[in-house]
Amino acid sequence: MRRAIRYVHSLILLFAVLFPIRLDAQEPPFSIKPFISIVSSAKIYTSPFSLDIEERNTTIDLDAFATYGAALSWAFSGESRLEISAEYLETAMSRYDNNKTEIRDGFRAAALEICPQFILPFSSRRFRLCIGGGAGIYIAVRRSSIAGIQAKADRSHPSMGILVSFGAEYVLSRHLAVNGEVRYRDPQIDTRNAFPQSNVLSNGILYPLEQRPFDARVNIDGTVYRLAIAYRF
């Protein structure tokens, strides 16, 4: 993954230096882009600091889920733009044990990302392809419950990560465009929770709950597919 990211960054620099593109100077330099995204997968490491390697690699795997957010883009030259985006992510899954007690796990997260983008040389004035790479700050809270008793968030450590993006844009008019993008990222955020009580009774069975803080790691490792409407001004 790191080798691929270095390769993409080298391509960005190469295209920016060798293939400058001059777009219409009358085009608005700024755009606001509300977007929706599909994240292909995520996981929660339930014992990230265990000395046992198998236990340390034990995960709760989460399916694809939708997110939403908004981005502000600034075209600071004809072939280059800088995008800052904020995104809200939330997903959870439920399972039932042999006693038909619900065990639920998931997370809520927020992402703030900055991504320079470069328009590729074979783009046109109406249809454009772009490539970019940047970084983000991520924070998450694990959402874990047994029989409806929610573990309270005790602590969350913000995490930084890098990303790579490939996008396409179709210009509808001077002020409107449709934008599609694929992002690759792999942030990992450490969290800590604790249950507010020592046990819970469900369907005649008494379940012990961990009142001491317990650690987990949220890994938003899936590919991101993003669709946006851009208002340019």
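Just so it is clear, the model here is predicted, and its values are computed rather than measured. (Residues numbered from 1 in each chain as written. Predicted model: local features only at pLDDT ≥ 70, side-chain atom pairs only at ≥ 80, totals over all residues. Heavy atoms only, no water.)

Draft legend 1. Layout of the overall build of the chain. Within the chain one finds 2 helices and 16 strands. Sequence separation of at least 24 residues holds for 69% of the intrachain contacts in the chain that already meet a minimum separation of 6. As presented, the chain carries roughly 12700 Å² of accessible surface, and 60% of it is formed by carbon and sulfur atoms. (Helix = DSSP H or I, 4+ residues; strand = E, 2+ residues; numbered from the N terminus. Contact = heavy atoms within 4.5 Å. Areas by Shrake-Rupley, 256 points an atom, 1.4 Å probe, with all protein chains shown as cover.)

Draft legend 2. Quick look at the environment of Arg128. If you trace the backbone, Arg128 turns up in strand β7 (residues 127–146). Sequence separation between Arg128 and Val171 is 43 residues; the distance between their C-alpha atoms is 8.4 Å. A distance of 3.1 Å separates the side chain of Arg128 from the backbone oxygen of Arg125, its partner in a polar contact. (Polar contact = N/O pair within 3.5 Å; in protein donor to acceptor, adjacent residues only side chain to side chain.)

Draft legend 3. Molecular detail of the side chain of Glu169. Counting through the fold element by element, Glu169 comes out in strand β10 (residues 159–171). Dropping the residues within four chain positions of it, Glu169 is found in contact with Arg81, Arg126, Phe127, Arg128, Ala177, Val178 and Asn179.

Draft legend 4. Structural view of the sheet that holds strand β15 (residues 214–219). Reading across from one edge, β3-β2-β15-β12-β9 is the order of the 5 strands in this open sheet, with antiparallel pairing throughout. Each edge of the open sheet is held by one strand with a lone partner, namely β3 (59–62) and β9 (152–156). Neighbour-to-neighbour, the strand axes of this sheet turn through a mean angle of 25°, independent of strand direction. One ladder, built from 6 bridges, connects strand β12 (residues 188–194) with β15; its direction is antiparallel. Within β15, the position partnered with Gln188 by the bridge is Asn219. (Pairing = 2+ DSSP bridges. Axes fitted to C-alpha atoms, helices over the stretch in contact; angles between N-to-C directions.)

Draft legend 5. Quick peek at the pairing of β10. Where β7 and β10 come together, 12 bridges link them in antiparallel fashion. Considered in β10, the bridge of Leu129 is made with Ala168. With 9 bridges connecting them, β10 and strand β11 (residues 176–185) associate as antiparallel partners. Bridging across to β11, Ser165 finds its partner in Arg183. Connecting β10 to the next strand, β11, in antiparallel fashion are 4 residues.

Draft legend 6. Seen up close, a nonpolar patch on the surface. Side chains of Phe30, Ile32, Leu72, Trp74, Phe76, Phe127, Tyr170, Leu172, Leu176, Ile229, Tyr231 and Phe233 sit close together on the surface and give an oily, nonpolar patch of about 1100 Å² of accessible area. When residues of the nonpolar patch are traced back to their parent elements, those giving at least two are β1 (30–39), β4 (65–74) and β16 (224–232). (Patch = residues over 30% accessible without salt bridge, like charges linked within 9 Å, V, L, I, M, F, W, Y side chains within 5 Å. Salt bridge = Lys/Arg side-chain N within 4 Å of Asp/Glu carboxyl O.)

Draft legend 7. The nonpolar core, seen in detail. The biggest cluster of nonpolar side chains holds 18 residues, and the ones touching the most others in it are Leu89, Phe107 and Ile220. Where this core is concerned, the elements lending two or more residues are β2 (42–45), β6 (102–119), β7 and β15. Top contributing element to this core by residue count: β6, with 4 residues. Contact partners of Ile220, with chain neighbours within four places excluded, come to Val39, Ser41, Ala42, Leu89, Phe107, Ala109, Arg185, Asp186, Pro187 and Ile189. (Core = buried A, V, L, I, M, F, W, Y, C linked by side-chain atoms within 4.5 Å. Buried < 20%, exposed > 50% of the residue type's maximum accessible area, 1.4 Å probe, protein only.)

Draft legend 8. Structural context of the side chain of Thr223. Mapped onto the secondary structure, Thr223 falls in the loop between β15 and β16. Among all residues touching Thr223, those that are not within four sequence positions of it are Ile38, Val39, Ser40, Val182, Arg183 and Tyr184.

Draft legend 9. Inspection of the pattern of salt bridges at higher detail. Across all of its chains, the model carries 18 salt bridges by this definition. With a shortest N-O distance of 3.9 Å, Glu83 and Arg226 are connected by a salt bridge. Here the residue Glu83 occupies a position in strand β5 (residues 80–96), and Arg226 occupies one in strand β16, the gap between them amounting to 143 residues. For the pair Glu83 and Arg226, a shared accessibility class is recorded, and that class is buried. Between Glu87 and Arg226 there is a salt bridge whose closest N-O contact spans 3.4 Å. Taken together, the residues span a long stretch of sequence, with Glu87 in strand β5 and Arg226 in strand β16 at a distance of 139 residues. The residues Glu87 and Arg226 share a single accessibility class, namely buried.

Draft legend 10. How the structure looks around the environment of Met93. Along the chain, Met93 falls in strand β5. Using a relative accessible area of 33% as the deciding quantity, one classes Met93 as partly exposed. Those residues in contact with Met93, other than ones at most four positions away along the chain, are Ile60, Asp61, Leu62, Ile103, Arg104 and Asp105.

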